[in-house]
Amino acid sequence: MIAIPPPFDLLPTLWRGVGVTVQLTLFGSALAFGVALIIGFGRLSRFRLIRLLATVYMELFRGTTLLVQLFWAYFVLPHFGVEFTEMQIGVLVLGLNYGAYGSEIVRGSILAVPNTQIEAGIALNMSPWQIMRRIILPQALLMMLPPFGNLLIELLKGTALVSMITLADLTFQGTLMRVSTLRSLEIFSLVLIIYFLLAYPLTLALRLFERKMAEGRS
Amino acid sequence: MLWNWDYALSILPSLLEALQVTIYATIMGFAFALIFGLLLAFGRRSKIRVLSLISGAFVEFIRSTPLLAQLFFIFYALPQLPYVGISLSPLTAGILGLGIHYSTYLSEVYRAGIDAVPRGQWEAAIALNFSKGRTWLNIILPQAIPPIVPVLGNYLIGMFKDTPMLSAVTVVELLLTARIIGTHSFRFIEPFTMVGILFLVLSYISSLGVQWLEYRLNSRT
Amino acid sequence: MVRFHRVSKSFGDLEVLRDINLEIAPSEIVAIIGSSGSGKTTLVRMLMTLEKPTSGTIEVDGELLWHKKENGRLVPADEKHLRKVRSKVGMVFQQFNLFPHMKILRNVTEAPIHVLGLSREEAEQEAISMLEKVGLGDKLDAYPSQLSGGQQQRVAIARALVMHPKVMLFDEVTSALDPELVGEVLQVLKEIAAEGKTTMLIVTHEMDFAREVADRIVFIDGGRILEEGPPEQLFGNPRNQRTREFLSRFRRTI
């Protein structure tokens, strides 16, 4: 076997963490999207109680901060007899937390569809459900995409926090190797570069999409 | 019962003391971000191409990588940098990390604020023969900054909520204090729940403050 | 066909319409004129169920719109009843309100398919012939944003017509258009009027058009009907002092 020259000899170990980071991002954002839709619609509900519950959820999960929630799930939940794997905790907390932020996007986009569109639907005698499904949602979903893209990038960056509950993601592999090799400069330079390579293509794709959308409108 | 009130009360003073560290780090980090963010915004607008390219690349890179990994870099990797390597105390490293990370977001906010000042204001400044510095100081920034104050406020709250990450580089702030207390007493429910509540209450009150600011700004125009 | 009986409407403390009584016969064409803020738009919006009257009743084709009779008493209408009566009314808006995410053809077929339950083929066939009638047979695959204001408004008219309402409401349909585009839209309105099948209620500032096309003119001012009558009488020899002022002010500004 050929020895890989430094600093690239560190890559195979770090690579194992990348898999965990990508998994967390995918599952976490899927859960976050679902939560965002439920809470976002909940905050627009006709029923006061549902609106209240959704708002409390949003404020609670945005206010108590991601890392505290991770610690709470990791250290406190077992006392209630609830046992999750670190991976499950990571996905769950990321999804619930970023879903709370996403609910604002859902709510904002739906409210951003002009009232006159609803009136046009009424004038064509559509049912409230038809107006939501055929007129408001298609327009709102398109508006949601760019901010959800930004949230996805934030979530990808947020996955680094799971290293604090010993889930072996990219950052965790970095801290492990720092202890064993003390080559901090090489390790964390590589870690940052890998995160950049994961996140930046998303940023570029998002900008391309936004430009396309702006063209489509004019 | 799982929750022990006596225990909760007994650890409250330690938590409140640690909260001071958290708040100190937030204020210092945000002050740094306010200044450095403005410099980055100027850098990106600069006519010197190298400067604007470097500022732009810096902003893109920092925004695309996690704060936590940046903190590790500053605390552990920076001392190993040849010639310029320096060791920082945990708190200094934490403040620097928060400040640099948020300065890249604030630079975008400044940029939006500056772009929103009408072209005619620049032209009027030229017509009145203001110097470049005077134009910025007396004409542009006084118009660019007030509208973005609520956005800056939201980033301040965001930074406050990111401070628990400083515990990763051994800053004894709120979360690490709670964790130490928990480890000693084998009770995690009270300390972590109380930390969560402290963050919730403080950030909620601050966000009401920002909303009030926004309302004031909107009603002024 | 349409009957307003003692209808009033307030927004909070502001009373915009007061004790309106108005009857419109089948296939009659009524133009409503008056200065902005007089309440004329609110009148047609109530008929389209976009605003709820504060008091009074509205009937369409012999059926109460906002109420229904239960054991001889009037109770507020539910969604089901509203939708039933609403199917007799169609509306064209000042700002067109086309659906920006749908192509022109789909804008026109969406409601016939999902509200009337037509098959796609039937709906498209009729939509195409209606779009051809308003002169837009070549724009089926365009998006609303690619059309001029006048073209968009003609699509909006086609979209309302394919629902075959008995009463069509036109709310200042040329007010948002550039002057050179007004003519093409008014032309379409004249053609619909000439067919004589539809009852039309037209809120407009185009006095010459109103005079030419309407059977009756209604002048609304300060939330009340001040004068109504055939065009020749109302324009030629208005009885009310306020009507005279309004008409002379209008001639001057145009």
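Since the structure is predicted, the reported quantities are computational estimates derived from the model, not experimental observations.

A. Local environment of the overall build of chain B. Assigned secondary structure in chain B consists of eight helices and zero strands. Taken over the C-alpha atoms alone, chain B extends approximately 75 × 55 × 25 Å along its principal axes. Pairs at least 24 apart in sequence give 75% of the contacts found in chain B among residues at least 6 apart. On chain B, roughly 11300 Å² of surface is accessible, and the fraction owed to carbon and sulfur atoms is 68%. Side-chain charges in chain B split into 14 positive and 10 negative, and the spacing between the mean points of these groups amounts to 14 Å.

B. Here's a closer look at the overall build of chain C. When helices and strands are tallied, chain C shows nine helices and 12 strands. Taking 254 residues into account, the globule formula puts the C-alpha radius of gyration at 18 Å, and chain C, at 19 Å, falls close to it. For the C-alpha atoms alone, the extent of chain C along its principal axes is close to 55 × 50 × 35 Å. Across the 254 residues of chain C, 54% fall into the buried class. Summed over all atoms, the accessible surface of chain C reaches about 11400 Å², with 45% contributed by carbon and sulfur. Across chain C, 34 positive and 36 negative side-chain charges occur, with their mean positions spaced 5 Å apart.

C. Region of interest: the nonpolar core. Ranked by internal contacts, the top residues of the largest apolar core, which has 147 residues, are F4, I32, L47 and L169 of chain C. Per-element tally for this core: the top contributor is helix 1 (residues 5-45) of chain B, with 11 residues. By size, the runner-up hydrophobic cluster in this structure holds 50 residues, among which are F96, V108, A156 and V162 of chain C.

D. Expanded view of the side chain of S203 of chain B. By the secondary structure assignment, S203 of chain B is in helix 8 (residues 189-220). We classify S203 of chain B as buried; its relative accessible area is 5%. A polar atom in the side chain of S203 of chain B sits 2.7 Å from the backbone oxygen of F199 of chain B. Discounting residues that sit within four places of it in the chain, S203 of chain B has contacts with G63 of chain A together with I157, F160 and K161 of chain B.

E. Highlighting unusual backbone geometry. Put simply, P6 of chain A and P7 of chain A share a cis peptide bond, and its omega is 5°. One can find P7 of chain A in the segment before helix 1 (11-42). Within the chain, F96 of chain C stands out as a residue other than glycine whose phi angle is a positive 65°. Here F96 of chain C is to be found in the loop between strand 8 (89-92) and helix 3 (104-114).

F. Spotlight on the interface of chain C and chain A. Facing the 26 residues of chain C at the interface are 19 residues of chain A. Between chain C and chain A the total buried area reaches about 1900 Å² when both faces are included, carbon and sulfur atoms providing 58% of it. A per-residue breakdown of the area chain C buries against chain A is headed by F99, H101 and H114 of chain C, which together make up 25% of the total. Inspection of the region where chain C meets chain A yields two salt bridges.

G. Looking closely at the packing of aromatic side chains. All names here are of chain B. Within the structure shown, the criterion is met by 26 aromatic pairs over all chains. Their ring planes at 85° and their centres at 5.2 Å tell us that W122 and W136 sit as a pair that is edge-to-face. Within this pair, whereas W122 is found in helix 5 (residues 119-127), its partner W136 is found in helix 6 (residues 132-162), the two being separated by 14 residues in sequence. A residue is classified by how much of its surface remains accessible, and W122, at 21% relative accessible area, is partly exposed. On the accessibility criterion, W136 (14% relative accessible area) is buried.

H. Local environment of the interface of chain A and chain B. Contact residues are listed per partner, giving 39 residues for chain A and 37 residues for chain B. For the pair chain A and chain B, the summed buried area comes to about 3400 Å², and 75% of that belongs to carbon and sulfur atoms. It is K157, L185 and L192 of chain A in chain A that bury the most area against chain B; as a group they hold 19% of the surface buried on that side. The partner of E60 of chain B in a salt bridge is R207 of chain A, with the nearest N and O atoms 3.0 Å apart. Of all the elements in the fold, those that place two or more residues in the side of chain A that touches chain B are helix 2 (48-63), helix 3 (66-76), helix 6 (128-158), helix 7 (170-181) and helix 8 (184-217) of chain A. Each residue belonging to the side of chain A that touches chain B can be placed in one class, and the counts come to 22 nonpolar, 10 polar and seven charged.

Cut-off values and rules
- Chains are numbered independently. Their residues run from 1 in the order of the written sequence.
- Whichever chain is written first is A, and whichever ligand is written first is 1; the rest continue in order.
- Local features in a predicted model are, by the rule used here, given only for residues with pLDDT of at least 70; side-chain atom pairs are given and counted only at 80 or more, and totals for whole chains, interfaces and linings are based on all residues.
- Values reported for side chains reflect all heavy atoms of the structure, with hydrogen atoms and water molecules removed beforehand.
- Under the DSSP-based scheme used, a helix requires at least four consecutive residues in state H or I and a strand at least two consecutive residues in state E, with every element numbered from the N terminus.
- We call two residues contacting when some pair of their heavy atoms lies within 4.5 Å.
- Note that accessible areas follow from Shrake-Rupley with a 1.4 Å probe, and for residues the cover is restricted to the protein chains shown.
- Counting rule applied: Lys, Arg positive; Asp, Glu negative; His and chain ends not counted.
- Charged groups are reduced to one reference atom each: NZ for lysine, CZ for arginine, CG for aspartic acid, CD for glutamic acid.
- Just to be clear, the radius of gyration here is over C-alpha atoms, and the globule rule we use is 2.2 Å times residues to the power 0.38.
- The buried label goes to any residue with under 20% of its type's maximum accessible area, the exposed label to any with over 50%, and the partly exposed label to all in between, with areas taken from a 1.4 Å probe on protein chains only.
- What makes a nonpolar core is a set of buried Ala, Val, Leu, Ile, Met, Phe, Trp, Tyr and Cys residues whose side-chain atoms join them at distances within 4.5 Å.
- The term polar contact refers here to a pair of N or O atoms within 3.5 Å; inside protein, the definition further demands a hydrogen-donor-capable atom paired with an acceptor-capable atom, and it admits residues adjacent in sequence only when both atoms are side-chain atoms.
- Reported buried area values correspond to the accessible surface (1.4 Å probe) lost by two parts on association, with both partners' losses combined.
- Just to be clear on terms, a salt bridge is a Lys or Arg side-chain nitrogen sitting within 4 Å of an Asp or Glu carboxyl oxygen.
- Pairs were defined over the aromatic rings of Phe, Tyr and Trp, the Trp ring being its six-membered one, requiring ring centres within 6.5 Å. Orientation was assigned from the angle between planes: stacked under 30 degrees, edge-to-face over 60, tilted for the rest.
- Under the scheme applied here, ten amino acids are nonpolar (Ala, Val, Leu, Ile, Met, Phe, Trp, Tyr, Cys and Pro), four are charged (Asp, Glu, Lys and Arg), and all others, including Gly, are polar.

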